[in-house]
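# Breakdown of the fold
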Amino acid sequence: TRSRMYAFVEHPLFGYFAGTAVCLNALLIGVQTQVASMDVKAELLSRIVAYGREFFTMSGRVWNCFDCILVGLQILEKIFELIASDAGNASGGFSAM
């Protein structure tokens, strides 16, 4: 009934449980995204090695180039993160502001 449900959601443990569930979900999404990113890079590299120069001229080349751009942006992002973390360590803090 409604009063039981009210008591359930108002219980202090319900808030802890819900907060834990949200944090675990965010963590799992982050892990899945990281794994998917590595899979895409490995798949792209495998196709480039297998097809060679034909990879950029074959049917579907537009999608192949699009994949290269996306992976390139991911790699560029990692490079900027490394630069920012090195700059932060060297100067005692890094701020984009």
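First, a word on what this report is: a plain description of the structure on this page. Please read these numbers as outputs of a predicted model, since none were measured by experiment.

### Remarks on the overall build of the protein chain
Looking only at helices and strands, one finds three helices and zero strands in the protein chain. Ordered by position from the N terminus, the helices and strands of the protein chain form the series α-α-α. Taking all 97 residues of the protein chain together, the buried fraction comes to 7%. Total accessible area on the protein chain is roughly 8200 Å²; 69% of this is exposed by carbon and sulfur atoms.

### Things to note about the packing of aromatic side chains
Tallied over the entire structure, the rule returns three aromatic pairs. Arranged with centres 5.2 Å apart and planes meeting at 65 degrees, the rings of F8 and F14 form a pair that is edge-to-face. Overall, F14 belongs to the partly exposed group, its relative accessible area being 28%. Pairing W63 with F66 gives two aromatic rings, centres 5.8 Å apart and planes at 85 degrees, and the pair type is edge-to-face. Of the two residues, W63 and F66 are both situated in helix α3 (residues 61-91); the distance of three residues between them amounts to about one turn of the helix.

### Some details on the pattern of salt bridges
Scanning the model with the defined rule gives three salt bridges in all. Salt-bridge contacts for R47 lead to E43; the nearest nitrogen and oxygen are separated by 2.5 Å. Separated by four residues within a single helix, R47 and E43 lie in helix α2 (residues 12-51), roughly one turn from each other. With a relative accessible area of 37%, E43 lands in the partly exposed category. One salt bridge in this structure joins D67 and R47, with 2.9 Å as the shortest N-O distance. Of this pair, D67 sits in helix α3 while R47 sits in helix α2; the two residues are 20 residues apart in sequence, bridging distant segments of the chain. By relative accessible area, D67 is classed as partly exposed at 23%. Several salt bridges converge on common partners, so that one network encompasses E43, R47 and D67.

### What about the side chain of N64?
On the secondary structure map, N64 appears in helix α3. Overall, the relative accessible area of 6% leaves N64 in the buried class. There is a polar contact of 2.8 Å between the side chain of N64 and the side chain of R47. Ignoring sequence-local partners within four residues, the contact set of N64 consists of R47, F55 and M58.

Conventions adopted
- Residues numbered from 1 in each chain as written.
- Predicted model: local features only at pLDDT ≥ 70, side-chain atom pairs only at ≥ 80, totals over all residues.
- Heavy atoms only, no water.
- Helix = DSSP H or I, 4+ residues; strand = E, 2+ residues; numbered from the N terminus.
- Buried < 20%, exposed > 50% of the residue type's maximum accessible area, 1.4 Å probe, protein only.
- Areas by Shrake-Rupley, 256 points an atom, 1.4 Å probe, with all protein chains shown as cover.
- Phe/Tyr/Trp six-rings, centres within 6.5 Å; stacked < 30°, edge-to-face > 60°.
- Salt bridge = Lys/Arg side-chain N within 4 Å of Asp/Glu carboxyl O.
- Polar contact = N/O pair within 3.5 Å; in protein donor to acceptor, adjacent residues only side chain to side chain.
- Contact = heavy atoms within 4.5 Å.

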